[in-house]
Amino acid sequence: KPHEEQKVRALATQRERGAMLIDIILKKDNYAFISFYNALLHEGYKDLAAVLQDCIPLISPEPEKGILDGVTPYVKTVLCEGGVPQRPVVFVSRPELVDEIRLKLMKLKENSGWLVVHGMAGCGKTVLAAEALRDH
C-alpha cells in the first residue's frame, strides 16, 4: 500500500528499511509472502528467493471456490504470482485515477462487463490498471 511504502522510504538506513519491509510482509497474508518471493526472483535476487523457497505457502488455485471481496482464490493466486506488472522505477502516484478505476471495477461485481482504460501510448494505462489491482 502507498502509505506503507512511504513509511519504509522515510527510514534513515537501509537496515531499518529492510527490517520494516519484512515486518510488513509478515503481518500480511500468504499472498504477500508469495508476491515478495516472486519479486525477488524477477528482480534478480534468486539467491535470496532460494532461501525462502521452502517456506512458500501452498495456495490452491481452484477457480470459483470461496469468493472473497469479489476475487476468486484462482485470480488472487495468478495476480500474486506476477500477474500484475511491477511498479516502474520512475513512478508517478495518481491516487484519484487509481481510486476511480477501483470503484468502477467494484461495480463490475454486480453487473459483469468491461472496464476500458484508454489513452495515448506511454501515458501510464498499464501502471494505473496494475495499481488498481495491487493489494486487492
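Predicted model, so just to flag it, every value in this text is computed and none were measured. Throughout this document, residue positions are counted from 1 along each chain, in the order its sequence is written. Reporting of local features is limited, given that this is a predicted model, to residues whose pLDDT is at least 70; pairs of side-chain atoms are given and counted only at 80 or more, and all residues count toward the totals for whole chains, interfaces and linings. As a convention, hydrogens and water are excluded, and side-chain values are obtained from all of the structure's heavy atoms.

A. Expanded view of the overall build of the protein chain. To qualify as a helix, a DSSP run of H or I must reach at least 4 residues; to qualify as a strand, a run of E must reach at least 2; elements of each kind are numbered from the N terminus. Each helix and strand in the protein chain was counted, giving seven helices and zero strands. When the 136 residues of the protein chain are sorted by exposure, 20% land in the buried category. Excluding contacts between residues fewer than 6 apart, the proportion of contacts in the protein chain whose partners are at least 24 apart in sequence is 53%. As displayed, the protein chain offers around 10,300 Å² of accessible surface, 59% of which is attributable to carbon and sulfur atoms. Throughout, exposure labels follow a simple rule: accessible area from a 1.4 Å probe, protein chains only, divided by the maximum for the residue type, with under 20% read as buried, over 50% as exposed, and the rest as partly exposed. Contacts between residues were defined by any pair of non-hydrogen atoms, one from each residue, lying within 4.5 Å. In this description, accessible areas are obtained by the Shrake-Rupley approach with a 1.4 Å probe, and a residue is regarded as covered only by the protein chains that are shown.

B. Up close: the pattern of salt bridges. Put simply, a salt bridge is a Lys or Arg side-chain nitrogen that is within 4 Å of an Asp or Glu carboxyl oxygen. Tallying each qualifying case throughout the model produces five salt bridges. A salt bridge links Lys27 to Asp23, with the shortest nitrogen-to-oxygen separation between them at 3.2 Å. Here Lys27 and its partner Asp23 are both found in helix α2 (residues 14–27), four residues apart, which amounts to about one turn of the helix. Using a relative accessible area of 37% as the deciding quantity, one classes Asp23 as partly exposed. Its salt-bridge partner being Glu100, residue Lys104 comes within 3.6 Å of it at the nearest N-O pair. Remark: Glu100 and Lys104 occur in helix α6 (residues 95–107); sequence separation between them is four residues, near one turn of the helix. By relative accessible area, Lys104 is classed as partly exposed at 41%. Look at Glu100 and you get partly exposed, because its relative accessible area is 40%.

C. Representation of the environment of Arg87 within the structure. Inspection of the secondary structure puts Arg87 in the loop between α5 (73–83) and α6. For Arg87 and Ala130, which are 43 residues apart along the polypeptide, the C-alpha to C-alpha distance reads 8.0 Å. Apart from residues no more than four positions distant in its own chain, Arg87 is found in contact with Glu5, Glu131 and Arg134.

That is the geometry; function is a separate question.
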